[in-house]
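In case you want the letters, here they are:
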Amino acid sequence: MKIKTYSEEETIEFGRQFAKRLKKGDVLAFYGELGSGKTTLIKGIVEGLSYKKPIKSPSFIIVAVYPSEIPIYHIDLYRLNNIKEIDNIGLLEYIYGDGISLIEWAEKIEELLPKKRINIKISIISEKEREIEIEEF
Ligand SMILES: Nc1ncnc2c1ncn2[C@@H]1O[C@H](COP(=O)(O)OP(=O)(O)OP(=O)(O)O)[C@@H](O)[C@H]1O
Ligand SMILES: [Mg+2]
């Protein structure tokens, strides 16, 4: 599935709607350059999963846990330098656990991701235009 959005708010709204089809154990791998809108889309998804408090990128920590009805794990691997670091954080326990995992910069741990997952690729078309491509495996 491919869609386009033309504003930050539209991407958030798409996320809110998309969240309705998510269930326990789902893993969403986000791909897309800096500023493409990964965190923005995740914000909408987290809202759609009825978590009410504001979300921001986990900046110094790699995982932010949102205790929603289904626990949400927002994982941002931007600052992950070495795949060996993931053992220390217990990252795979989140990803292979019962919550919903939303992973930014998923390519950094590509080989460790479950094959059954949802890939979300965001491309910058112009200042406000984004293409969001979703593939389910
Ligand atoms: N259609 C759009 N959808 C989403 N964001 C948009 C859109 N148009 C413009 N923007 C802007 O693009 C930026 C997206 O930032 P965001 O933090 O979501 O990106 P990111 O992919 O998470 O980046 P990073 O790799 O740094 O974590 C925001 O400043 C937002 O306002
Ligand atoms: Mg981000």
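What you see is a predicted model; the values in this text were computed from it and never measured.

Colleague: What should I look at first to understand the packing of helix α1 (residues 8-18) against helix α2 (residues 38-48) in this one?
Modeller: Helix packing geometry: the angle between the two helix axes and the distance between the axes. Between α1 and α2, the shortest axis-to-axis distance is 7 Å and the interhelical angle comes to 40 degrees. One way to sum up the angle between α1 and α2 is to call them oblique. In terms of crossing hand, the pair formed by α1 and α2 is right-handed. Between α1 and α2, the contacting residues are E8, T11, I12, F14, G15, R16 and F18 on the first element and T40, L41, K43, G44, I45, E47 and G48 on the second. Among the residues forming the contact of α1 with α2, the class breakdown is 5 nonpolar, 5 polar and 4 charged.

Colleague: Can you walk me through the coordination of the magnesium ion (ligand 2) in this structure?
Modeller: Six octahedral donors at a metal ideally form angles of 90 or 180 degrees, and four tetrahedral donors ideally form angles of 109.5 degrees. Protein-derived coordination of the magnesium ion (ligand 2) comes from T39 (OG1) and E104 (OE), at a distance range of 2.0 to 2.2 Å. Taken as a pair, T39 in helix α2 and E104 in strand β5 (residues 100-104) lie far apart in primary sequence, 65 residues in all. In this structure E104 comes out as buried when scored by relative accessible area, which is 3%.

Colleague: How should I be thinking about the layout of surface pockets in this particular structure?
Modeller: Over the atoms, a rolling probe the size of a water molecule traces out where space has been left empty. If you add up the space inside the largest pocket, you get close to 310 Å³. As for the largest pocket, its lining consists of 19 residues, and the residues nearest its centre are G35, S36, G37, T40 and R130. Within the residue set of the lining of the largest pocket, elements represented by two or more residues are α1 and α2. Looking at the lining of the largest pocket, the element that brings in the most residues is α2, giving 3 residues. When grouped by side-chain class, the residues that make up the lining of the largest pocket number 3 nonpolar, 9 polar and 7 charged.

Colleague: Looking at this structure, how should I read unusual backbone geometry?
Modeller: Trans peptide bonds make up most of the peptide bonds, and negative phi angles are found at most residues other than glycine. Positive phi outside glycine occurs at W105, with the angle close to 60 degrees. For W105, the location among the structural elements is in the loop between β5 and β6 (118-124). Judged by its relative accessible area of 16%, W105 falls in the buried class.

Colleague: Just checking my understanding: could you explain the pairing of strand β7 (residues 130-136) for this structure?
Modeller: Successive residues of a regular strand alternate their side chains across the two faces of the sheet. Sheet topology note: the strand β1 (residues 2-5)/β7 ladder contains 4 bridges and is antiparallel. If you follow T5 over to β7, its bridge partner there is R130. Note that β6 and β7 share 7 bridges and pair antiparallel. Bridging across to β7, N119 finds its partner in E135. Between β6 and β7, which pair antiparallel and follow one another directly, the connecting turn spans 5 residues.

Colleague: Just checking my understanding: could you explain the pairing of strand β4 (residues 72-76) for this structure?
Modeller: For β4, the tally of buried residues reaches 5 of 5 residues, placing the bulk of the element in the interior. The alternating pattern of β4 places I72, H74 and D76 and Y73 and I75 on opposite faces, both of which are buried. Where strand β3 (residues 63-66) hands over to β4, the hairpin turn is made up of 5 residues, counted between the paired strands. The sheet contact formed by β4 and β5 spans 5 bridges and is parallel. In the strand pairing of β5, H74 is matched with L102.

Rules used throughout
Residues numbered from 1 in each chain as written. Chains lettered and ligands numbered in written order. Predicted model: local features only at pLDDT ≥ 70, side-chain atom pairs only at ≥ 80, totals over all residues. Heavy atoms only, no water. Axes fitted to C-alpha atoms, helices over the stretch in contact; angles between N-to-C directions. Helix = DSSP H or I, 4+ residues; strand = E, 2+ residues; numbered from the N terminus. Parallel < 35°, antiparallel > 145°, perpendicular 65-115°, else oblique. Left-handed = near helix turned anticlockwise from the far one by under 90°. Contact = heavy atoms within 4.5 Å. Nonpolar A, V, L, I, M, F, W, Y, C, P; charged D, E, K, R; others polar. Donors = N, O, S within 2.8 Å, 3.2 Å for Na, K, Ca; no water. Buried < 20%, exposed > 50% of the residue type's maximum accessible area, 1.4 Å probe, protein only. 1 Å grid on protein atoms, 1.4 Å probe; cavity = no way out; pocket = protein on both sides within 12 Å on 5 of 7 lines; lining within 4 Å. Points joined across faces, edges and corners; volume = space filled by probe spheres on them. Pairing = 2+ DSSP bridges.

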